[in-house]
Amino acid sequence: MIEPAATDALVGRVLGERYRIVRRIAAGGMGTVYLAQQESLRREVAVKVIRGGVVDDRYRARFEAEALATSRLQHPHVVAVYDFGFDGDLPFIVFEKLEGSDLATALRAHGRMPWRRGVHVVRGIALALAAAARSGIVHRDLKPANVFLTSTEADPDFVKVLDFGIAKMADQSTPSALTEEGTVVGSAGYIAPERLLQSESDSPASDIYALGVIAWDVLAGRPPFVDSNAMALAVKHLQEAPARLKDVVELPLALDELVVRLLAKDPARRPTPREVILALDAIAAEPDTAETETAERPAIA
């Protein structure tokens, strides 16, 4: 639950002598997002105050490396990062203010999407992942809450991927001290099996797996695996095969087959972001048929 502004000690405070906190927007496992005003330019921005542990030299080095990696991602489908810093021991990242809704909220409010709209949204996420892969960056916590849908003149479902701030560079030359030893960063419902084993380094393939879970969520109205216990849910991702989307909703067989590939347990069997984009473009170009345009089956509870 979001605290009222009157009880949030940061409201009214100026972080880093640059950003005046106006109100609290949202809170999550990695930190709290605020609406703020950049004092020098008199513009509204979003500020995410990161929830972390002891702020020592090691933590500062890790935070700075991750923030710099985020700032390298300049792409229409990635939220623009303007600045980062510390206010005392309080780390924060500044990014563009967005209007719209995150995908998790949209799915809770309206349920699953028709397959053509779902393909469009998943394609926007894949474009962001392709840009990240080119920069050697792995998101590590891709999920609907980190996907934002905003509206432009040409696109009412324009995708912006958020929260690359916890990412690390996929390049193995990155010092191991920049990640918490023995810690898996991510959400149990969207985490790739190989990341649970901790025997394999993060790679863009782990984000592709999360994209497959999101695709399942968008098209079926729920993720492929559901469990109230996070550990049990993680085990399902590690050991169980998901149901086929074609057995849940009416959609093109090629789309069902693509999601199967995205959710492959073996990361080597998953497509690259570029391959996902090409496959989605081919699916979107398919003509409507009686098979895919009949009344869709309800999402299973």
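To start, this report covers the structure provided alongside it. The structure displayed is predicted, hence computed values, not measured ones.

About the cut-offs
Residues numbered from 1 in each chain as written. Predicted model: local features only at pLDDT ≥ 70, side-chain atom pairs only at ≥ 80, totals over all residues. Heavy atoms only, no water. Helix = DSSP H or I, 4+ residues; strand = E, 2+ residues; numbered from the N terminus. Buried < 20%, exposed > 50% of the residue type's maximum accessible area, 1.4 Å probe, protein only. Contact = heavy atoms within 4.5 Å. Core = buried A, V, L, I, M, F, W, Y, C linked by side-chain atoms within 4.5 Å. Pairing = 2+ DSSP bridges. Axes fitted to C-alpha atoms, helices over the stretch in contact; angles between N-to-C directions. Arc of directions from axis to C-beta. Parallel < 35°, antiparallel > 145°, perpendicular 65-115°, else oblique. Left-handed = near helix turned anticlockwise from the far one by under 90°. Nonpolar A, V, L, I, M, F, W, Y, C, P; charged D, E, K, R; others polar. Salt bridge = Lys/Arg side-chain N within 4 Å of Asp/Glu carboxyl O.

1. Observations regarding the overall build of the chain
(1) Moving on: For the chain, the helix and strand inventory stands at nine helices and 11 strands.
(2) Moving on: With 301 residues in all, the chain has 49% of them scored as buried.
(3) Moving on: Here the contacts in the chain between residues at least 6 apart in sequence split such that 64% fall between residues at least 24 apart.

2. A look at the nonpolar core
(1) Moving on: Leu103, Ile125, Leu142, Leu211, Ile214, Leu245 and Leu255 are the most contacted members of the largest nonpolar core, which has 54 residues in total.
(2) Moving on: Listed by contribution, the elements that provide at least two residues to this core are α2 (103-110), α3 (115-134), β9 (147-150), β10 (158-161), α5 (204-220), α7 (253-262) and α8 (273-284).
(3) Moving on: Apart from the residues lying within four places of it in its own chain, the contact partners of Ile125 are Leu142, Val147, Val159, Val161, Leu211 and Ile214.

3. Overview of the sheet that holds strand β6 (residues 90-96)
(1) Moving on: Read from one edge to the other, the open sheet built from six strands follows the order β1-β2-β3-β4-β6-β5, with strand pairing classed as antiparallel. Each of the sheet's edge strands pairs with one partner strand only, and the pair in question is β1 (14-15) and β5 (81-87).
(2) Moving on: Where strand β4 (residues 43-50) meets β6, five bridges bridge the pair, whose relative direction is antiparallel. Bridging across to β6, Ala46 finds its partner in Phe95.
(3) Moving on: The sheet contacts of helix α1 (residues 57-72) involve β4, β5 and β6, and relative to β5 the element is tilted by about 170 degrees.

4. Some words on the environment of Leu196
(1) Moving on: Position of Leu196 relative to the elements: it lies in helix α4 (residues 193-197).
(2) Moving on: Between the C-alpha atoms of Leu196 and Leu238, which are 42 residues apart in sequence, the distance is 7.5 Å.
(3) Moving on: Once you skip the residues sitting within four places of it in the chain, Leu196 turns out to touch Ile191, Ala234 and Leu238.

5. Brief notes about the sheet that holds β9
In a beta sheet, neighbouring strands are held together by backbone hydrogen bonds and run either parallel or antiparallel to one another.
(1) Moving on: What the three strands build is an open sheet, ordered β7-β9-β10; its pairing is antiparallel. Across the chains shown, the open sheet's two edge strands, defined by having one partner strand only, are β7 (101-102) and β10.
(2) Moving on: Two strands pair when backbone bridges link them, and β7 and β9 are joined in this way by two bridges, in the antiparallel orientation. Looking across to β9, one finds that Asp102 is bridged to Phe148.
(3) Moving on: Where α3 meets the sheet, it contacts β9 and β10, and its direction lies at approximately 40 degrees from that of β10.

6. Notes on unusual backbone geometry
For residues other than glycine, phi is negative in most cases, and the peptide bonds are mostly trans.
(1) Moving on: At Glu17, a residue that is not glycine, the phi angle is positive and equals roughly 60 degrees.
(2) Moving on: Mapped onto the secondary structure, Glu17 falls in the loop between β1 and β2 (19-28).
(3) Moving on: Glu17 sits in the exposed class, given a relative accessible area of 76%.
(4) Moving on: Notably, Arg42 is not glycine yet its phi reads approximately 55 degrees, a positive angle.

7. What to know about α2
(1) Moving on: All of the buried residues in α2 are Leu103, Ala104, Ala106 and Leu107. What you see down the axis of α2 is that its buried residues fit within an arc of 165 degrees, all on one side. Those residues of α2 that are exposed and aimed more than 90 degrees away from the buried face are Arg108 and Ala109.
(2) Moving on: The secondary structure elements touched by the buried residues of α2 are β7, α3, β9 and α5.

8. Regarding the pairing of strand β3 (residues 31-38)
(1) Moving on: Burial analysis of β3 places seven of its eight residues in the buried class, which makes it a mostly covered element.
(2) Moving on: Sheet topology note: the β2/β3 ladder contains eight bridges and is antiparallel. Within β3, the residue paired with Tyr19 across the bridge is Gln38.
(3) Moving on: In sequence, β3 turns back onto β4 through a hairpin of four residues, with Arg42 there showing a positive phi of about 55 degrees.

9. Remarks on the environment of Thr105
(1) Moving on: Turning to its location among the elements, Thr105 is positioned in helix α2.
(2) Moving on: C-alpha of Thr105 to C-alpha of Leu149: the two residues are 44 residues apart in sequence and 10.0 Å apart in space.

10. A word on the packing of α3 against α8
(1) Moving on: The geometry of α3 relative to α8 is characterised by a closest axis approach of 8 Å and an angle of 160 degrees between their N-to-C directions. One finds that α3 runs roughly antiparallel with respect to α8. Helix-helix and strand crossings are classified by hand; for α3 and α8 the assignment is left-handed. Across from Trp115, Arg116, Val119, Val122, Arg123, Ala126, Leu127, Leu129, Ala130 and Ala133 in α3, the residues of α8 making contact are Pro273, Val276, Ile277, Leu280, Asp281, Ile283 and Ala284.
(2) Moving on: Looking at the contact of α3 with α8 residue by residue, the classes come out as 14 nonpolar, no polar and three charged.

11. Some points on the pattern of salt bridges
(1) Moving on: The full count for this structure, using the stated rule, is 16 salt bridges.
(2) Moving on: Note that Asp89 and Arg60 form a salt bridge whose closest N and O atoms lie 3.3 Å from each other. With Asp89 in the loop between β5 and β6 and Arg60 in helix α1, this residue pair connects regions lying 29 residues apart in the sequence.
(3) Moving on: Residue classification places Asp89 among the exposed residues on the basis of a relative accessible area of 51%.
(4) Moving on: Under the relative-accessibility criterion, Arg60 is labelled partly exposed at 28%.

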